[in-house]
Amino acid sequence: EPEKQPEKPSPVRDKPDKPSPSEQLEEPTVRQNDKSVEVIDVDSDEEVVEVEDGNVIRSRVKSDQWHEFDNLRSVLGKKCPALSAITRLCRVATTAINGKEEDAVVAVLKKKGIDEPDEHFLYNREYHLKRVRSPPRKGAEASEYLLQTLFYLKTNEHFKEYLTPDLEKFFEGWALRCRQGRY
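Here we take up the side chain of histidine 120. Structurally, the position occupied by histidine 120 is in helix H4 (residues 117–123). By relative accessible area, histidine 120 is classed as buried at 13%. Setting aside residues up to four positions removed in sequence, histidine 120 forms contacts with Leu109, Ile114, Tyr127 and His128.

So this is what it looks like as structure tokens:
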């Protein structure tokens, strides 16, 4: 008697218990008393953010770290000679830049005749962000570095002339938003 071969699985499967993603409703219904679903009001104007174990929630709902850089440009003015240097200091303070990738981008820019990579970053941010990994720092760490950057600007002879009450308020506000987890 020939030996029985195990059955090969059929290419057509039995219908699973759950519908496929394409068969599911676009907006799932949630029962009123369902305790397994946490509902968060993203439209809330509440300023308090709970912090657990030093891990701060970073949210794009309220703002985003790159909006902060755009606001920095507004505070300093687009024609400020210190804009690219201060932007670089803030970028280092708020992101963990991959040094090797950054050096490679700078080398490519130099070959193309661009000698000011920080100036290039100001107007071509997407170019840099595609080529250099720069994850945001944790909120408390970014906040501390921003406050150190502000102190540096206050004490450095070259940057003192660009420091205004509005710029100080901006740095202090940005540091506060970082501590709250609101990049």
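Attention now goes to the nonpolar core. If you look at the biggest cluster of nonpolar residues, it comprises 24 residues, and the most contacted ones within it are Leu72, Ile86, Cys90, Leu146 and Phe171. Residue assignment for this core shows that the elements contributing at least two residues are helix H1 (65–76), helix H2 (83–94), H4, helix H6 (139–155) and helix H8 (165–179).

Model confidence for the protein is summarised by a mean pLDDT of 76, while 64% of its residues fall at 70 or above. Predicted confidence is poor over residues 20–32, with pLDDT under 50, and the contacts of this stretch with residues over four places away or in other chains come to 3 contacts. Low pLDDT, under 50, characterises residues 34–63; the stretch is placed with 34 contacts to residues that sit more than four places away or in other chains.

On to the pattern of salt bridges, then. Any two side chains of opposite charge can pair, on the condition that their charged atoms come close. All told, the structure shown has 9 salt bridges when counted by the stated rule. Notably, a salt bridge pairs glutamate 102 with arginine 88, separated by 2.8 Å at the nearest N-O pair. Separated by 14 residues along the polypeptide, glutamate 102 in helix H3 (residues 99–111) and arginine 88 in helix H2 bring together distant segments of the chain. Among the salt bridges present, the one from lysine 154 reaches glutamate 168, with a minimum N-O distance of 3.3 Å. With a gap of 14 residues between them, lysine 154 in helix H6 and glutamate 168 in helix H8 connect regions that are remote in the sequence. Each member of the salt-bridge network shares a partner with another, and the members are Arg88, Arg91, Glu102 and Asp118.

In this structure the tally under the stated criterion is 4 aromatic pairs. Considering the side-chain rings of phenylalanine 69 and tryptophan 174, the 5.2 Å spacing of their centres and the 85 degrees angle between planes classify their relative orientation as edge-to-face. Taken together, the residues span a long stretch of sequence, with phenylalanine 69 in helix H1 and tryptophan 174 in helix H8 at a distance of 105 residues. Taken individually, phenylalanine 69 and tryptophan 174 each receive the classification buried, so the pair is uniform in this respect. These aromatic residues form a ring-pair network of at least three members: Phe69, Phe170, Phe171 and Trp174.

Rules behind the numbers
Residues numbered from 1 in each chain as written. Predicted model: local features only at pLDDT ≥ 70, side-chain atom pairs only at ≥ 80, totals over all residues. Heavy atoms only, no water. Helix = DSSP H or I, 4+ residues; strand = E, 2+ residues; numbered from the N terminus. Buried < 20%, exposed > 50% of the residue type's maximum accessible area, 1.4 Å probe, protein only. Contact = heavy atoms within 4.5 Å. Core = buried A, V, L, I, M, F, W, Y, C linked by side-chain atoms within 4.5 Å. pLDDT = per-residue confidence, 0-100. Salt bridge = Lys/Arg side-chain N within 4 Å of Asp/Glu carboxyl O. Phe/Tyr/Trp six-rings, centres within 6.5 Å; stacked < 30°, edge-to-face > 60°.

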